[in-house]
Amino acid sequence: MAEQAWRSMPGTPCWVSLMARSLDAAQEFYGSLLGWEFRAAPSARLGPYLEAVVGHMPVAGIGAMAQNLGFPVSWTVFFEAEDADARAQAVRESGGTVAVGPLGFQDGRAALAADPAGAVFGIWQGDKTPGWRMRRSRGVPAWIELQTRDAFAAAVFYGEVFGWGSDPEGRSDVAWEHDRVVLRVDGHPVAGLCGGAVEAAPDPRVRPRWDVFFAVPDVDAAARAAAALGGEVAGPPTDTPYGRVAALRDREGGLFRVADLRAPNGREGTACLPVA
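Because the structure is predicted, anything quoted here is derived from the model rather than measured.

Reading the values: the criteria
Residues numbered from 1 in each chain as written. Predicted model: local features only at pLDDT ≥ 70, side-chain atom pairs only at ≥ 80, totals over all residues. Heavy atoms only, no water. Helix = DSSP H or I, 4+ residues; strand = E, 2+ residues; numbered from the N terminus. Buried < 20%, exposed > 50% of the residue type's maximum accessible area, 1.4 Å probe, protein only. Contact = heavy atoms within 4.5 Å. Areas by Shrake-Rupley, 256 points an atom, 1.4 Å probe, with all protein chains shown as cover. Core = buried A, V, L, I, M, F, W, Y, C linked by side-chain atoms within 4.5 Å. Phe/Tyr/Trp six-rings, centres within 6.5 Å; stacked < 30°, edge-to-face > 60°. Salt bridge = Lys/Arg side-chain N within 4 Å of Asp/Glu carboxyl O. Axes fitted to C-alpha atoms, helices over the stretch in contact; angles between N-to-C directions. Left-handed = near helix turned anticlockwise from the far one by under 90°. Nonpolar A, V, L, I, M, F, W, Y, C, P; charged D, E, K, R; others polar. Pairing = 2+ DSSP bridges.

Enquirer: Which residues make up the overall build of the protein, and what values do they have?
Expert: Within the protein, the regular secondary structure consists of four helices and 16 strands. When each of the 276 residues of the protein is scored for burial, the buried share is 53%. Long-range contacts, defined here as pairs at least 24 residues apart, represent 63% of the contacts in the protein between residues at least 6 apart. Surface summary for the protein: the accessible area is close to 11600 Å², and the carbon and sulfur share equals 52%.

Dropping the structure here:
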């Protein structure tokens, strides 16, 4: 798989992180499924934290959630910021909420926030993890996509918070294409925003959220492997104009997607697909 050739900039994805209840269970599941190896990250004030690596390249983080907390296990997408405090204030001014921070975390500042529809995301100020980029090779984040009620309203919010489409260098643009809003940087698709999720849905899998897609060589084999490892196939392998995609959950219910992203027409990204 070819990798995306865009340089990161403020407002674009810079990291993905899972809050798990059991680091051991997460390592066993994702290590077997996606070929990850793990190394301890520098001590952090929020507890034990691991970096997942593929070929010595960091691809994701996994933190340990306190057992007495009732939060669901979930993946979070972090967006790069030159000033985390300013971006957090922009979240509030644009109708979102800031749940945690900004606060010092390792060598930077981080915050957890939610957009007006309730989709959670992270803000990161500081040096990026060296070598991290979205790429299309096994086990690496290849795409992120927001499932929300109103994709246009979400695009306005994230544009106000992160300056999408209005950066001074003119590197980013936001456009409607293939049934979703797409953020492009240097001409390359970076993120999609899809409509149709419902804030009050009893099933958290259909509530507004950011989905992380990990590249795999065989989506059907990955779905079978996830089930065999104690996970769940939340959305069966499906062909789209952009490649074959499946929605999976890990042993603790963490929702993510896998995709081969090798579309015959050469386009990048995925179709907006619901979770069953």
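Okay, back to it.
Enquirer: Give me the nonpolar core: which residues, what numbers.
Expert: Trp36, Trp75, Phe121, Tyr158 and Trp210 are the most contacted members of the largest nonpolar core, which totals 71 residues. By size, the runner-up hydrophobic cluster in this structure holds five residues, among which are Trp143, Val182, Val245 and Ala259.

Enquirer: Now, about the packing of aromatic side chains: what can you tell me, with residues and values included?
Expert: Inspection of every chain in the model, using the stated rule, returns 22 aromatic pairs. Taken together, Phe29, Tyr30, Trp36, Phe38, Trp75, Phe214 and Phe256 form an aromatic cluster joined through their ring pairs.

Enquirer: Can you tell me about the pattern of salt bridges, naming the residues and giving the values?
Expert: Scanning the entire structure with this criterion turns up 11 salt bridges. Ionic pairing is found between Glu28 and Arg251, a salt bridge with its closest N-O pair at 3.2 Å. With a gap of 223 residues between them, Glu28 in helix 1 (residues 23–34) and Arg251 in the loop between strand 15 (243–249) and strand 16 (255–259) connect regions that are remote in the sequence. Classification of Arg251 as partly exposed rests on a relative accessible area of 34%. Note that Arg184 is salt-bridged to Glu177, the shortest N-O span being 2.8 Å. One salt-bridge network, in which partners are shared between bridges, spans Arg209, Asp211 and Arg257.

Enquirer: How would you sum up the packing of helix 2 (residues 84–93) against helix 3 (residues 151–162)? Please name residues and give values.
Expert: Remark: helix 2 packs on helix 3, axes separated minimally by 8 Å, with the N-to-C direction vectors making an angle of 145°. For the element pair helix 2 and helix 3, the recorded crossing hand is right-handed. On helix 3, the residues that touch Arg87, Ala90 and Val91 of helix 2 are Phe157, Glu160, Val161 and Phe162. Tallied by class, residues from the contact of helix 2 with helix 3 come to five nonpolar, no polar and two charged.

Enquirer: I'd like a description of the sheet that holds strand 14 (residues 232–240), backed by residues and values.
Expert: Judged by pairing direction, the sheet is mixed, and its eight strands sit side by side in the order 10-11-12-9-13-16-15-14 without closing on themselves. The open sheet has two free edges, formed respectively by strand 10 (172–177) and strand 14, since each of these has just one partner strand. Here the average twist between neighbouring strands, direction ignored, is 25°. Sheet analysis places strand 15 next to strand 16, joined by five bridges and oriented antiparallel. Within strand 16, the residue paired with Ala247 across the bridge is Arg257. Strands in contact with helix 3 are strand 9 (141–147), strand 10, strand 11 (180–185), strand 12 (188–194) and strand 13 (209–215); relative to strand 12, the strand with the most contacts, it is inclined by about 125°. This element, helix 4 (residues 219–228), spans strand 14, strand 15 and strand 16 of the sheet and lies at about 10° to strand 15.

Enquirer: I'd like a description of the sheet that holds strand 6 (residues 97–105), backed by residues and values.
Expert: Pairing in this open sheet of eight strands is mixed, and the strands run 2-3-4-1-5-8-7-6 from one edge to the other. Sheet topology places strand 2 (37–40) and strand 6 at the edges, where each strand pairs with a single neighbour. Geometrically, the sheet is characterised by an average inter-axis angle of 30° between neighbouring strands, direction not taken into account. Summarising the sheet, strand 2 and strand 3 (residues 49–54) pair through four bridges and their orientation is antiparallel. Bridging from a neighbouring strand, Arg39 pairs with Glu51 of strand 3. Sheet contacts for helix 1: strand 1 (13–20), strand 2, strand 3, strand 4 (57–64) and strand 5 (74–80); angle to strand 4, the most-contacted strand, approximately 150°. Those strands touched by helix 2 are strand 6, strand 7 (108–114) and strand 8 (120–126), and its axis lies near 175° from that of strand 6.

Enquirer: Residues and numbers for the pairing of strand 16, please.
Expert: When you tally the buried positions in strand 16, you get five out of five residues, the bulk of the element. Burial along strand 16 is two-sided: the residues Leu255, Arg257 and Ala259 and Phe256 and Val258 are all buried. Bridge count between strand 13 and strand 16: three bridges; the pairing is parallel. Bridge pairing in strand 16 links Phe214 to Val258.

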